[in-house]
Amino acid sequence: MSAVEIKKDIFWVGAVDGNIRNFHGYTYTTSRGTTYNAYLILDEKITLIDTVYGPDSDEMLDRLRQIIEPSKIDYVIANHVEGDHSGALPEIMKLAPNAKVFGTAKCKDGLYKHYYGNWDFQVVKTGDKLSLGRHSLTFIEAPMLHWPDSMFTYCPEEKVLFPNDAFGQHYATSARYDDEVDGAVLMDEAAKYYANILWPFGSLILRKIEELQKINIVIDIIAPSHGIIWRKDPAKIINAYLSWAKNETKGKVIVAYETMWGATQMMARKLALGLTDAGVEVKVFDINQSERTEVIKDMLDAKGFILGSSTHDNDMLPAMAGFLHFLKGLKPKNRLACAFGSYGWSGGAVKSIEKILQEAGIEVGQPGLAVRYVPDESELKRSYEYGMDFAKAIKAKE
Amino acid sequence: MDKYRCTVCGYIYDPQIGDPASGIKLGTAFEDLPNSWACPECGAPKESFEKVKGE
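First, a word on what this report is: a plain description of the structure on this page. (Residues numbered from 1 in each chain as written. Chains lettered and ligands numbered in written order. Predicted model: local features only at pLDDT ≥ 70, side-chain atom pairs only at ≥ 80, totals over all residues. Heavy atoms only, no water.)

1. Focus on the environment of Asp-286 of chain A
Residue and element names in this part refer to chain A.
Part 1: Assignment of secondary structure puts Asp-286 in strand β18 (residues 281-286).
Part 2: Along the primary structure Asp-286 and Phe-201 are separated by 85 residues, whereas in three dimensions their C-alpha atoms are 28 Å apart.
Part 3: There is a polar contact of 2.9 Å between the side chain of Asp-286 and the backbone nitrogen of Asn-288. (Helix = DSSP H or I, 4+ residues; strand = E, 2+ residues; numbered from the N terminus. Polar contact = N/O pair within 3.5 Å; in protein donor to acceptor, adjacent residues only side chain to side chain.)

Structure follows, in structure tokens:
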């Protein structure tokens, strides 16, 4: 695949990795692979916006060389410190040692703490402009979208926004644009990215989008640092972000559980049936058979969470503990939850789940349902009704 | 004087340190920070902070 000219003299020069399955260590399952998007602007000052993950440097360099010799790069815009975008920066600086790097103050500090390079770095702030010749760039600091150093870069002449990780998706394809791929898959990956990475920062995202609207930025193309470029309908992803950032949900319930000998699973199935019969959309996940990344994505637009675990050592099982620890960090808002599970003697899992829900600021909508050993007919009926009761509470919230 | 934690990024405002980079002197209580003050790590506004309990 060649470099792709996304606007006159602005080229995608990134790398595509269709094989990567684990990202951010093991915190994100990239079932469709990912891309690292870097962009080159040809002008009096030849400018590279972001780079790629270090091991993919050669792929980016090959694409750059289709257009220019990398040694000719004058400016490098570092929108974000993280290694998947800065990994090839040391190589670029070796090839173009006189290039000047631009980024936020925190980016300068962070890049130094990664690579210890003695590079010519100019700190930029929101509103600062840089002339490249026919093009110019405007910088917009975007702290916690998704690290403190993050920044958006905007090219007003071509109306292209380079928001780095915001609006991105882990989606490796030979296509580069939103109108060339399946729209449902694209939004699925965008939601997965938001839910697993950006969910905690909703309030900042709302303010950032407001800020962009206030300065009347006109956007033809959103060119993020991962996945597909939004050119057909950039408003679609902005509106989706607005909805997610407001924690808007629908009357949908996620039942996620961990089971030892199947009793907790029996309860899960019955209460899911109760929810379904009450007319509420429900998705059921045995968290040991599911990708956490996918379950979290499904929770993003779900009003209710029902979480279950068998009791083990007077507590919930370890995979559920890890799952809830992750969920707590995402700080979901405006949700309703409850807990269930089977136990043998003293119990404990239900209380532990309720405790972490409370710590996460998630409202516990009804008392937990605990069943000793294997549920009998009446306890299965109780599980079914428990689902129905929760469905009523969810409907009352709508 | 109480410490306050940024609910967005986890930064802790400690009055015993202040926020010298933003011109906030040591000994300034969280309540006395100007409304224009924002989290020095992530830029979240003052209302995004909560009191640190049990310290």
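2. A few points about the interface of chain B and chain A
Part 1: Taken together, the contacts link nine residues of chain B with nine residues of chain A.
Part 2: Of the roughly 670 Å² buried between chain B and chain A on both sides combined, carbon and sulfur atoms contribute 52%.
Part 3: Between chain B and chain A we count one salt bridge in total.
Part 4: Residue Lys-106 of chain A is joined to Glu-41 of chain B by a salt bridge in which the shortest nitrogen-to-oxygen separation is 3.8 Å.
Part 5: If you look at where chain B meets chain A, you find three residue pairs in polar contact (both at pLDDT 80 or more). (Contact = heavy atoms within 4.5 Å. Buried area = accessible area lost by both parts, 1.4 Å probe. Salt bridge = Lys/Arg side-chain N within 4 Å of Asp/Glu carboxyl O.)

3. Remarks on the side chain of Gln-169 of chain A
Residues and elements named next belong to chain A.
Part 1: Relative to the helices and strands, Gln-169 is located in the loop between β15 (160-162) and α5 (183-198).
Part 2: Polar contacts involving the side chain of Gln-169 include one to the main-chain amide nitrogen of Ile-228, which spans 2.7 Å.
Part 3: Apart from the residues lying within four places of it in its own chain, the contact partners of Gln-169 are Thr-34, Leu-186, Glu-189, Ala-190, Tyr-193, Pro-224, His-226, Gly-227, Ile-228 and Trp-230.

4. Some remarks on the sheet that holds strand β2 (residues 12-13) of chain B
All names here are of chain B.
Part 1: The three strands are arranged β2-β1-β3 in an open sheet whose pairing can be described as antiparallel. Across the chains shown, the open sheet's two edge strands, defined by having one partner strand only, are β2 and β3 (49-51).
Part 2: Of the strand pairs in this sheet, strand β1 (residues 4-6) and β2 are connected by two bridges, and their pairing is antiparallel. Looking at β2, one finds that Tyr-4 is bridged to Tyr-13. (Pairing = 2+ DSSP bridges.)

Purely geometric stuff here, so don't read any function into it on its own.
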